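Close look at the chain arrangement
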Amino acid sequence: MATAAANSASEPEAEPKAGPKAVGEEDEVKAARTRRKVLSRAVAAATYKTMGPGWDQQEEGVSESDGDEYAMASSAESSPGEYEWEYDEEEEKNQLEIERLEEQLSINVYDYNCHVDLIRLLRLEGELTKVRMARQKMSEIFPLTEELWLEWLHDEISMAQDGLDREHVYDLFEKAVKDYICPNIWLEYGQYSVGGIGQKGGLEKVRSVFERALSSVGLHMTKGLALWEAYREFESAIVEAARLEKVHSLFRRQLAIPLYDMEATFAEYEEWSEDSIPDSVIQNYNKALQQLEKYKPYEEALLQAEAPRLAEYQAYIDFEMKIGDPARIQLIFERALVENCLVPDLWIRYSQYLDRQLKVKDLVLSVHNRAIRNCPWTVALWSRYLLAMERHGVDHQVISVTFEKALNAGFIQATDYVEIWQAYLDYLRRRVDFKQDSSKELEELRAAFARALEYLKQEVEERFNESGDPSCVIMQNWARIEARLCNNMQKARELWDSIMTRGNAKYANMWLEYYNLERAHGDTQHCRKALHRAVQCTSDYPEHVCEVLLTMERTEGSLEDWDIAVQKTETRLARVNEQRLKAAEKEAALVQQEEEKAEQRKRARAEKKALKKKKKTRGPDKRGADEDDEKEWGDDEEEQPSKRRRVENSIPAAGETQNMESAAGPAGKCAVVDVEPPSKQKEKAASLKRDMPKVLHDSSKDSITVFVSNLPYSMQEPDAKLKPLFEACGEVVQIRPIFSNRGDFRGYCYVEFKEEKSALQALEMDRKSVEGRPMFVSPCVDKSKNPDFKVFRYSTSLEKHKLFISGLPFSCTKEELEEICKVHGTVKDLRLVTNRAGKPKGLAYVEYENESQASQAVMKMDGMTIKENVIKVAISNPPQRKVPEKPEARKASGGPMPSPQTYGARGKGRTQLALLPRALQRPSAAAPQAENGPAPAPAVATPPATEAPKMSNADFAKLFLRK
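Just so you know, these numbers come straight off a predicted model, no measurement behind them. (Residues numbered from 1 in each chain as written. Predicted model: local features only at pLDDT ≥ 70, side-chain atom pairs only at ≥ 80, totals over all residues. Heavy atoms only, no water.)

1. Details of the overall build of the protein
Helix and strand content of the protein: 38 helices and 11 strands. Across the 963 residues that make up the protein, the buried fraction comes to 40%. Once local pairs closer than 6 in sequence are excluded, the contacts in the protein between residues at least 24 apart make up 65%. Working note: accessible area of the protein is about 53500 Å², and carbon and sulfur atoms make up 52% of it. (Helix = DSSP H or I, 4+ residues; strand = E, 2+ residues; numbered from the N terminus. Buried < 20%, exposed > 50% of the residue type's maximum accessible area, 1.4 Å probe, protein only. Contact = heavy atoms within 4.5 Å. Areas by Shrake-Rupley, 256 points an atom, 1.4 Å probe, with all protein chains shown as cover.)

What follows is the structure in structure tokens.
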């Protein structure tokens, strides 16, 4: 029919004979494809009908679109419209995305988000067979959430037709209730089983499902009520003589459990029952009401908090643990895990409780299995699972398969692989009967040790650039087993030789470990040989090794052995002391060299300062150039609250300027002597500056004040521009920008709030961009009273859910990088590292939702090319900062003290330049008032030889006459 329609439509156009047939076939394929798509959407709409009351409107919309699409399909042969092309483009786009997701899963099957996206697209396209297979594969690797299970179950229920399909749905329900304890899934299970009551054994099946549901979630205080009511309604609908007693039993069982809305259940029981309620039931009901009052604070805390509510669940678990009811403890753990399934510590605590208290095999192993499926990157869960399987006598083959799965779980640290290998090797060692000279288990143990060493050397070292076992702990354990349990010292010595050749020969503790093994299971000759080698090789604690050798020869050795030992130890210790002395001299020479360089820089600055003073006395026309030159030194210095202690916004008055021959300015310059007046522009700036009121900093208001720095020097009216920005945090009392004596803004200010909480909220604006520069916001702290105070916003320890990316192109934006990163998981935060000017440094930190997503992103993104730049990606683990040694510590240890100007607050710089502002290096006539605290101690005066001589006007005139 479609072909005929296509032929009739093509006749007026006088197409060739072969043309209409080809066009007709193509249109028929498109029409069939459209009908299949409409059918799949209709099935999906029918499926979603059970998901909630909000689906009625959607269903109506789908029905209307169905009619349009069917009409379009019927007329597609004659007049393909815009809808058909839209669907074709959408379908083609979805198919390409499906192929991409399938390829990505073939590379990394543990990509959770990729599984979810693939299922969604396949379901949208109506690929029922493929979506079923995709769900099956995902359920084998990960436990599915309640939403994913309900979606799957509703799809299968809508397609079930005969008894075999019903059995398949039953199997899915059984898998669903094992992943998590979800009341909604149990309720769906019970209601679906009611539909099969007409089959053989249907009644027993329904009752079995409801009884299991009550034992699993019947104690749930907020959601258990629905299951009890559903079970009672089912029993009430059955026409049997014994149904009354069954309903009575259900009422009595329910009233003995603390549940929400118990009063209504009791009233319903009174109304339903023809006889009076027994006293025992009333007593149990009153007791349950009392228990309900104890549980209500914890339940209300859960209702008021937002997901995942981990802290509230932890408090609830602690309360249940004190009461000690195993059923309720198990239930609260399961409730917490539904929302916090990716928290390894919660799984560890739950499995530990089951291992030590309940010790039920099926329950314990089920929880351990679910734990590793939820958090496969956590090695502690795998180790505990192996122990639990061994404890409950699981077959060796099953344990070995589980261990192989652990190796493929994708741990994020090299040490994790060492830990899982140790757990497995310990298990294999406990299987061996060492009373036999040789056995299959012993050979398997030795083969496992050899494989572990090879695995760490190749697989782990290739991935992490380290084996994770620098001390060769696995090899040491192997040597102990060979020596103590197998009496094979020859093999143990070979292993220890390998250990020493891997960079451990310089450590005294390694040699002493080997020596103790020889003492316990070897002979004196090998002990002596080991200690002699240790004396020659040890570099960390050679005195200890020498002492052990001399002690052994004193108790067991001959005179010749004693003489040899004394000679070797004395020679070795003399060489060690000589090396240490040379190292100390070299260090002292370096310190002296740094002091000399600092002294040279100090003299050079003093000479330059004197030269500038001489130039200033030659005329006012030279002053502008000198000030510009001075500004080059101080312009880029970030001003901290304690670096320049003086009166804020202070400048000498007009009369004072004329009376003072010299006065220290904010950059250490001397004021102009009474000569020619400055330019009109500078007079105007100075007059504006003099008009500003002098405001002394009040240290008592530090708690409501924040210090803002790294602002642009070109900012006009900074107080007016910054006030709207900070008013979002609270009422701003005052903004005090700091200006130089020339009226130039110095790039920092103080912001005073009315309330302390506003100041704390303002700290969150740190690094906010203001006119293209990151604004630094820090607490207002007097560093003279708190010298160790430091503000650093970000963590400096290992963060397994955060990535550090280097090698990024400077043109890469935050949005571009986020698009790349969010493919591998949910990006919670992304920060591009910039310098003080706001320019990118090619570095970034990316925070994911959990450790699993971060580990997957590392494997996928490391070595990726972005705009011709190859980036490096690793788990965020910043190196520890070296804390500079304080002068007091050097003085106490007797070592030479470097000049205070040699090192700055951040230690010795690479350029060896003194970055201390000149205002703090030069003496001033009077100690300036502090901006944020008390005035600093007076500086050491500059030698008189470098002082510029004071000149009168007559002397100044003679200089010009000489020329």
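Read on, since the account is not over.
2. What about the environment of Arg 773?
Among the structural elements, Arg 773 can be located in strand E5 (residues 773–779). Each C-alpha atom of the pair Arg 773 and Lys 839 lies 8.1 Å from the other, and the pair is 66 residues apart in sequence. At 2.7 Å, the side chain of Arg 773 forms a polar contact with the side chain of Asn 710. (Polar contact = N/O pair within 3.5 Å; in protein donor to acceptor, adjacent residues only side chain to side chain.)

3. Notes on the side chain of Glu 320
Structurally, the position occupied by Glu 320 is in helix H15 (residues 310–323). A polar contact is formed between the side chain of Glu 320 and the side chain of Arg 328, at a distance of 3.3 Å.

4. Looking at the sheet that holds strand E4 (residues 768–770)
Judged by pairing direction, the sheet is antiparallel, and its five strands sit side by side in the order E2-E3-E1-E5-E4 without closing on themselves. The sheet terminates laterally at strand E2 (732–739) and E4, the two strands that pair on one side only. With strand direction ignored, the average angle separating the axes of adjacent strands in the sheet is 30 degrees. Relative to the sheet, helix H32 (residues 718–726) contacts strand E1 (705–709), E2, strand E3 (745–753), E4 and E5, its axis offset from that of E2 by approximately 140 degrees. (Pairing = 2+ DSSP bridges. Axes fitted to C-alpha atoms, helices over the stretch in contact; angles between N-to-C directions.)

5. Remarks on the packing of aromatic side chains
Using the criterion set out here, one finds 32 aromatic pairs in the structure. Aromatic side chains Phe 210 and Tyr 231 sit 5.0 Å apart centroid to centroid with 5 degrees between the ring planes, which places their arrangement in the stacked category. Here Phe 210, found in helix H10 (residues 202–217), pairs with Tyr 231, found in helix H11 (residues 224–237); they are 21 residues apart in sequence, far enough to count as distant. One exposure class covers both Phe 210 and Tyr 231, and it is buried. These aromatic residues form a ring-pair network of at least three members: Phe 403, Phe 411, Tyr 417, Trp 421, Tyr 424, Tyr 427, Tyr 455 and Phe 464. Over the face of the ring belonging to Tyr 192 we find Arg 166, whose NZ or CZ atom lies 4.3 Å from the ring centre. Seen from the ring of Tyr 295, Arg 328 lies directly overhead, with NZ or CZ sitting 4.3 Å from the centre. (Phe/Tyr/Trp six-rings, centres within 6.5 Å; stacked < 30°, edge-to-face > 60°. Lys NZ or Arg CZ within 6 Å of the ring centre and 35° of its normal.)

6. Quick notes on the state of the cysteines
In protein chemistry, a disulfide is the covalent bond that joins the sulfur atoms of two cysteines. Evaluated as defined, the whole model comprises zero disulfides. Note on Cys 341: no disulfide assigned, nearest cysteine sulfur contributed by Cys 375 at a separation of 7.1 Å. The class for Cys 341 is buried, based on a relative accessible area of 16%. (Disulfide = S-S within 2.5 Å.)

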